[in-house]
Amino acid sequence: MSLPTADELEQLQDIERQWAVKAMHHAETYFSLLGAIDGSKLKLTRIDNEIYADFIVTFGADFKIDVLDEAKDFKSPEMKEKWRNFINKYDGGKVTDYNFGSLLRIDASKDYSQDNTMFVTRMQFLTIEIARNKAGLNSVHIKPRSTN
């Protein structure tokens, strides 16, 4: 296999930038929704309940979703394998763009920021945020409506 040319590398950087912009736009849109709608009423996919039940069976009810530990919960060899097997169940159209990149907040009580964000697959984002919504952890972000 030959190494990419300088032009090809530049195109790869452009693609990476486009993915980053799309992921950031998705994060901003999602956080705006959390400010407007109680997360417990928010449906992220047509199969939220199935994903949530599968998450509990696969990872256990004691998986800490309020504040994530990227190294322990996602990057260890054991968890990488567990997540890969979990994610691959949703291939074949069950979840659109299940393996695309997404930004996930580490601490559910905080907004997206450089220190509170990690890059995950869309399926990991959906799984954690569905669980957070069901647990009521995203309710802290609801903005009060003005009475004017």
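As recorded by an unreviewed UniProt entry, the protein chain carries the name Polysaccharide biosynthesis domain-containing protein and is attributed to Modicella reniformis.

Participant: I'm lost on the side chain of Asp73 in this one. Help?
Facilitator: As for its position among the elements, Asp73 is in helix 3 (residues 70-75). With a relative accessible area of 5%, Asp73 lands in the buried category. Side chain to side chain, Asp73 and Lys72 meet in a polar contact 3.4 Å long. If sequence neighbours within four positions are ignored, Asp73 has contacts with Phe63, Lys64, Leu68, Met79 and Trp83.

Participant: I tried to follow the nonpolar core on my own but got confused; where do I start?
Facilitator: Nonpolar side chains in soluble globular proteins tend to be buried together. By size, the foremost hydrophobic cluster in this structure holds 33 residues, and its most contacted members are Phe55, Phe63, Trp83 and Ile128. For this core, the elements supplying multiple residues, two or more each, are helix 1 (6-36), helix 2 (48-59), helix 4 (77-88), strand 1 (101-105), strand 2 (117-121) and helix 5 (122-135). A total of six residues in this core trace back to one element, the largest contributor, which is helix 5. Apart from the residues within four sequence positions on either side, Trp83 is in contact with Phe55, Phe59, Phe63, Asp73, Phe74, Gln124, Thr127 and Ile128.

Participant: Looking at this structure, how should I read the pattern of salt bridges?
Facilitator: Pairing between side chains of opposite charge can happen when their charged atoms approach one another. Applying the stated criterion to the full structure yields nine salt bridges. Between Glu50 and Lys94 there is a salt bridge, with its nearest N and O atoms 2.5 Å apart. In this pair, Glu50 sits in helix 2 while Lys94 sits in the loop between helix 4 and strand 1, placing the two residues 44 residues apart along the sequence. With relative accessibility at 32%, the residue Lys94 sits in the partly exposed group.

Participant: Which parts of the structure should I look at to understand helix 4?
Facilitator: Three or four residues apart is the spacing at which side chains of an α-helix point the same way, because the helix has 3.6 residues per turn. Here helix 4 contains 12 residues, and its C-alpha end-to-end distance of 17 Å stays within 8% of the 16 Å for a straight helix at 1.5 Å per residue. Within helix 4, the full set of buried residues consists of Met79, Trp83, Phe86 and Ile87. Projected down its long axis, helix 4 carries its buried residues within an arc of 95°, all on one side. Turned more than 90 degrees off the buried face of helix 4, the exposed positions are Pro77 and Glu78. Each element contacted by the buried residues of helix 4 is listed here: helix 2, helix 3, strand 2 and helix 5.

Definitions and limits used
The residue numbers shown here count from 1 along each chain, following its written sequence. Predicted model: local features are reported for residues with pLDDT of at least 70 only, side-chain atom pairs are reported and counted for 80 or more only, and whole-chain, interface and lining totals are derived from all residues. The basis for every side-chain value is the complete set of non-hydrogen atoms in the structure, without hydrogens or water. Helix and strand labels come from DSSP, where a helix needs a run of H or I of at least four residues and a strand needs a run of E of at least two; each type is numbered from the N terminus. Burial here depends on accessible area, computed with a 1.4 Å probe over protein chains only, as a share of the maximum for the residue type. Under 20% is buried, over 50% is exposed, and the range in between is partly exposed. By the criterion applied in these results, polar contacts are pairs of N or O atoms within 3.5 Å in which, for protein atoms, one can donate a hydrogen and the other can accept it, and in which residues neighboring in sequence qualify only through two side-chain atoms. Contact between two residues is taken to exist if any of their heavy atoms lie within 4.5 Å; hydrogens are not considered. Definition of nonpolar core: a set of buried residues of the types Ala, Val, Leu, Ile, Met, Phe, Trp, Tyr and Cys, connected through side-chain atoms within 4.5 Å. Basic side-chain nitrogens of Lys or Arg form a salt bridge, by our definition, when they fall within 4 Å of a carboxyl oxygen of Asp or Glu. Expected helix span is computed as 1.5 Å times (number of residues minus one). Summarising the geometry, the arc corresponds to the directions from the helix axis toward the C-beta atoms.

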